[in-house]
Structures are given as C-alpha cells and as structure tokens.
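Chain residues, written in single-letter form:
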2 protein chains.
Amino acid sequence: MKFSIPPLDAAIVPALQQRIDSKTKPLGALGQLERLALQVGQVQKSLTPSLEQPHLLVFAGDHGAAKAGVSAYPQDVTWQMVENFLAGGAAINVFARHNGLVLQVIDAGVAHDFGKRDGLVDAKIASGTRSYLDGAAMTADERDAALVKGAEIARRLAGGGCKVLGFGEMGIGNTASASLLTHCLTGAPLADCIGRGTGLDDAGLARKRALLARAVARAALPANADAPAVLAEFGGFEIAMMAGAMLAAAECGVLLLIDGFIVTSALLVAARIAPDICDYCIFCHRSAEPGHRAQLHDLRAEPLLDLGLCLGEGTGAALAWPLVRAAAAFLNEMASFESAGVSGKSV
Amino acid sequence: MKFSIPPLDAAIVPALQQRIDSKTKPLGALGQLERLALQVGQVQKSLTPSLEQPHLLVFAGDHGAAKAGVSAYPQDVTWQMVENFLAGGAAINVFARHNGLVLQVIDAGVAHDFGKRDGLVDAKIASGTRSYLDGAAMTADERDAALVKGAEIARRLAGGGCKVLGFGEMGIGNTASASLLTHCLTGAPLADCIGRGTGLDDAGLARKRALLARAVARAALPANADAPAVLAEFGGFEIAMMAGAMLAAAECGVLLLIDGFIVTSALLVAARIAPDICDYCIFCHRSAEPGHRAQLHDLRAEPLLDLGLCLGEGTGAALAWPLVRAAAAFLNEMASFESAGVSGKSV
C-alpha cells in the first residue's frame, strides 16, 4: 500500500505569521491557537483556510480476545453501542450535534448483522477479529482490505469537499489491541501501555496484563517488525480501517482530528507507513488511559485538552473541534490594526 | 452593599450523580465534564439544567496610571478596541459569534465620548480612573456606583432569562490594576503578581514593577484592608463593575464564566464580599499572565483550558463555553444504559 503524503510547505509560513501578527491583539496572545492557525494555513497552503464539511467518523469492530476477559464489558456492547449511535443517544452524538460535526458510523467488523441501515456504512471485513492469544488477529489480506476500505471512505469524503476528518471508535477490547500496538511500535514497556480501559478493577487489570504478556510471547515478533505486521497480529479491524482513512485523508490535504488512546494507536501505524502524516494531525486531548502518554511522547505531540476523558467514540476530538474552528476563524475574520484603526505598541 | 449568595444545596447531588452514572459510558469516563455537569445541576437545582441565553459581557475602562507607562500600548487603544468590538472585528467578536454567545460591550469608564451607539451600554462612571500613583484611583462613591451599575446589568439579563454570563474586559493598564488587587487580596509577593501584560519588554517590565511598588508604598494600606477599600485604591471601573455584576448574577442563580487575570481580579474582590460566589464560577482557562497562578491558587480553582492565552476580552471564557454547553448537553440528551438497551459491566 503506497500513500504519498507531502511534508508541509514552509514557504507560506512568513506570510501566515505576518497575517497572524497583524490582527488586533498583542503578539502571541492567542497562544496555542496561533500555532493551530499556522498549521491549518500550511495544510491548506492558504492565508484564508476554510474548514468546510467537518466530519467525525466512528469506526466499530469486535475483537476475538474480548471473550478472554480483557474488558470490563461483554462483547455485545459493541453492537449495542452502534445501535445507540444510530439512535443518536451516545456521547459522541450529543457532542457532534452541538459542535457542528457530521457523524458517520462505520461497521469495520462488528460481530452482529445490522442489515441495511440509515447512517451506517457497511465496511465489514469479518465478524470480529480472531483472538491474538491463539494466532494473528487478522490475515494480511484482511488487514489490507481494511486499509483500502478506510482509504476509500476518506477519499470519497475529501472528493465531496470535506476539509476536516475527526476519528473515533467503538470496540469492546480495543484498548487491549491499542496497548499491544503501542508497546510494539513505540518500544515502551508493556506495563506502561496497559490501563483499565472501560473500568477494570484491580483483579481485571492484573488479568489483562497477564493476557497481553501472553499474547506478546505467543506472537514472538522480531524487534524490527514493521507496522503492517504488528497491525495484523494484534489490531482490530476498526484500527486498521482508521489507519487507512487517516493516510488517504492526509494525502488529500484533509486536516485530521486525533482523539485518544485507540485512535492514536491507529495513527502510530499510519505514521510508521508515512511519517509526514503527523503534520496534518491535531492532537485533540490527553486521555486518562495511561498508554496515551507513551504514544504522545513517541509522536512528540502536545494535545489541546486535558480533561481526564477516557470514553473514546471520538468524544475528545468533538470537544476540541470548536478550538480548531476558532483558530481558523480568527485568522479569517479578525480585523488588523490597520483595518480597525487601532494604534500599535508605544514602547 | 449586601449580596445574598446561598451556598449550593448538596441535597440534589446523589440524584445528579446517579443520572450521570446511568448514561451510556463507563463510570467517570467524561472526567472534568462530569464535575461540570454536577456543578451546573447544583447551581440550577435541576436534574435537567438549561443554559439558555448565554451572554458575554465585555467591560471597558481607562486607567489614570496608564499614562505613567504601565502598558506597552497607548491609552487610546481602549476606545479604539471598543470601536473594534462594535464593528465586530476583535477576537472576542469572532469567538462569541462562532460559539453562540451574545456579546455586549459596556462602557464602564472609557476616556472617550462614544455618543449613543448600538451594542454599547453606557454605564460610564467617569472618563477613566485617577492614577493610583498619586492617590486613590476612585472615590468610595464611584466604586459603589460601579458595583451598583454592574449589579443592575446582571439583574436585567437574569430577569430576561439569561442563565450564563461570561466576563471579559478591555482597558489599557488593567493588568497593572489586577496585579495590585491580587497582591493586596491574596498576600502573594508583588513580583509574582506582575507580568508583561500586552507585551512589555524587559525594560518595560522593570518600569512596571517599580511603579507598582511605588503605588503600594504610597497607598500604605493596612494588612487587613477590606476588598472594597483595595478596589477603590487600585481598581479600574471595569473591574469594579464586573465584581458587582458577578455578585448579582450569582445571587440570581446564573452560572459565571470566569476568564483570565483581570476578570479573576474582579472575582477576588467579589469572593471577599461573598465567598460562596465561587460555587457559581467556571474557571475557563489558565492565563499565561503569571499573576493568574496566585489567583487560581487562592481560589483553589482548576481551569478547563490551558492554551497559553493572554488576550483578555473574555476570549478564554468564549473558547471554553462549548465545553460547558457539552457538559449540560450530555446530562440532558445522552441515553441511559436502560433506555438504549446496552449491557452493563460484566466484571
């Protein structure tokens, strides 16, 4: 799979910075929002970037290992939550609605037959992955199919004029997959990559740690295993499909809103395939799930929000989106000292 | 001046917490947003709080000491920025517009004759304060008039159904006033309360420090001076009027969105008059202006955003408002496990 993601062009930076500095505010007074405005302008190669048709995609998939007890919730919650998304009752529905994001739910591999449904994109690779405790979670063909389908979804949206894609996910057991991917791709100790997910108690956490250590030992991947190999071994279909969508979206010059731990595990895969993708990413929040720290450190990312969230679904991305919109808006809509007739510094 | 602000009623907390915990998400997974939802419900004594008619008030005033060189900008910038607000070109206009806040600008004491203008509330106490380098910035009568006018503005809005008031300000020289108020009211060392404001260079910062030390020595306030006395000595009219508006708004059960350093200096005054006001406050962001740290520490406050902003105008409040709206929205609009037919924890 080849993706051609160009590094950002620095040529526009001086003009963008000049435009930011001409606005009626002290130099630098909008802090991180100014860096965001610069990034958005660079991604779009424009002094007047426009963040049209922002979408949030929730990719759902099931995990074979969920039945071994890596999660506090039963596997059925994956399809039940997809139904909740379709009915508009989940947190991500509420936040997307209030913040002006179009929500789309993608069945990447839920172990449930939804039939044909409004608002649900059928991109099912299989009814859940196999358990990585016994063998690879997916075949190379399944992985590639998931990457391709994700890329197709992103390209279709970009072709229709979408300039911003937020990412979210649902899948009982997917913090465990994300922990394994994070451990293998960043080299952080496995224990630092594992947390309570949806709320394991101490005994549950100990069980999750033991199971994931067993999975790592079973797979016996070489230290230099490439990201696609690691993805097939441990990944969920929703994670693979997100990685494909991210890569294709960045290739189209779309801005990516990165949510928490699981979404960032997909980005780790994407960034190993095409490192310049990170320039297109806005890191929306710092998750309370401990493994997110290792991911952000690896990607040298500083997120916008730090609110102790650990819900997934793209909720952190949806909550941070108004800040991104505000960054583009100040660049486009604020008056300059000259246009407003405001005096400059006297000392 | 008497304000009767009741402490929040804890009786509703168990029912609110039960409602939060019944939503389709792991316990506590919305982090700080869950604490916000609890606070909003307590302020409104309601399991279904409604944040109708959110307003953002920008109070503007001039400072006699500005001419002595406590700011990087000339005093005329105060009225010029008021014109910018009225024309819709300032940062706060952009952010209020995109985030659904009604903006009102209040002339609390700008040294300029605006005439009668659409969108500008004339509450001018005088054409700027006197310089606190020579004597008290305002008389006791002026201070009380500012508190009363602020209270009237807030009561009128609350009477019309406004449930959320954000606070912002404009006034060349007002970080210096805020530094003096913060030093006197929190006891923090003066040097820790003084920053670069709108962008003083090193020489300017040294001059500001020397001038403010002179002002403290000149005033020679007793260590136990009460907040109204400190306010008259150093405060701006915009700061006094904000304090009055905050006190009356909380009395009416309105939720207060607290911006950065200068707005928090008004809250310090209000909190000394009626300490329970803090329960009605949402601390929106951590300002890059260093004195804000001493204020937040004094008020035991943990802000929502930390983006290195130091613009004032209420921009931090306007940027955090979507988070507050999201907190109320999840409480009101999310499905419960029962209503959505989603299974609970299995372990």
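Residues numbered from 1 in each chain as written. Chains lettered and ligands numbered in written order. Predicted model: local features only at pLDDT ≥ 70, side-chain atom pairs only at ≥ 80, totals over all residues. Heavy atoms only, no water.

(A) Summary view of the packing of aromatic side chains. All told, the structure shown has 6 aromatic pairs over all chains when counted by the stated rule. Aromatic pair Tyr 132 of chain A and Phe 234 of chain A: ring centres 5.9 Å apart, planes at 80°, arrangement edge-to-face. On the criterion of sequence distance, the pair formed by Tyr 132 of chain A in the loop between β3 (120-122) and α5 (140-159) and Phe 234 of chain A in helix α8 (residues 227-234) is long-range, its members being 102 residues apart. With relative accessibility at 1%, the residue Tyr 132 of chain A sits in the buried group. Note on Phe 234 of chain A: relative accessible area 1%, which makes it buried. With a centroid separation of 6.3 Å and 5° between ring planes, the pair formed by Phe 337 of chain A and Tyr 73 of chain B is classed as stacked. (Phe/Tyr/Trp six-rings, centres within 6.5 Å; stacked < 30°, edge-to-face > 60°. Helix = DSSP H or I, 4+ residues; strand = E, 2+ residues; numbered from the N terminus. Buried < 20%, exposed > 50% of the residue type's maximum accessible area, 1.4 Å probe, protein only.)

(B) Region of the structure containing the confidence of the model for chain A. Across chain A, pLDDT averages 97, with 100% of residues at or above 70. Model confidence for the complex: the whole-complex pTM is 0.98, and ipTM, which rates the interface, is 0.97. (pLDDT = per-residue confidence, 0-100.)

(C) Layout of the layout of surface pockets. All names here are of chain A. Put simply, the largest pocket is a space of about 560 Å³. Contributing to the lining of the largest pocket are 20 residues, with Gln 39, Cys 278, Cys 281, Phe 283 and Arg 300 lying nearest its centre. It is helix α2 (residues 31-43) that provides the largest number of residues to the lining of the largest pocket, a total of 5 residues. Partitioned by chemical class, the residues of the lining of the largest pocket number 11 nonpolar, 3 polar and 6 charged. (1 Å grid on protein atoms, 1.4 Å probe; cavity = no way out; pocket = protein on both sides within 12 Å on 5 of 7 lines; lining within 4 Å. Points joined across faces, edges and corners; volume = space filled by probe spheres on them. Nonpolar A, V, L, I, M, F, W, Y, C, P; charged D, E, K, R; others polar.)

(D) Just the packing of helix α12 (residues 315-333) of chain A against helix α12 (residues 315-333) of chain B, in detail. The interhelical angle for the contact between α12 of chain A and α12 of chain B, taken along N-to-C directions, is 155°, at an axis separation of 9 Å. Between α12 of chain A and α12 of chain B, the angle falls in the class roughly antiparallel. Regarding α12 of chain A and α12 of chain B, the two cross each other, and that crossing is right-handed. On α12 of chain B, the residues that touch Leu 319, Pro 322, Leu 323 and Ala 326 of chain A of α12 of chain A are Leu 319, Pro 322, Leu 323 and Ala 326 of chain B. Tallied by class, residues from the contact of α12 of chain A with α12 of chain B come to 8 nonpolar, no polar and no charged. (Axes fitted to C-alpha atoms, helices over the stretch in contact; angles between N-to-C directions. Parallel < 35°, antiparallel > 145°, perpendicular 65-115°, else oblique. Left-handed = near helix turned anticlockwise from the far one by under 90°. Contact = heavy atoms within 4.5 Å.)

(E) Representation of helix α9 (residues 237-251) of chain B within the structure. All names here are of chain B. Taking 1.5 Å of rise per residue, the 15 residues of α9 would be expected to cover 21 Å, and the 21 Å separating its terminal C-alpha atoms lies within 8% of that figure. The element α9 is extensively covered by neighbouring structure, given that 14 of its 15 residues are classed as buried. Positive phi appears at Gly 253, one or two residues downstream of α9, with a value of about 80°. (Expected span 1.5 Å × (residues − 1).)

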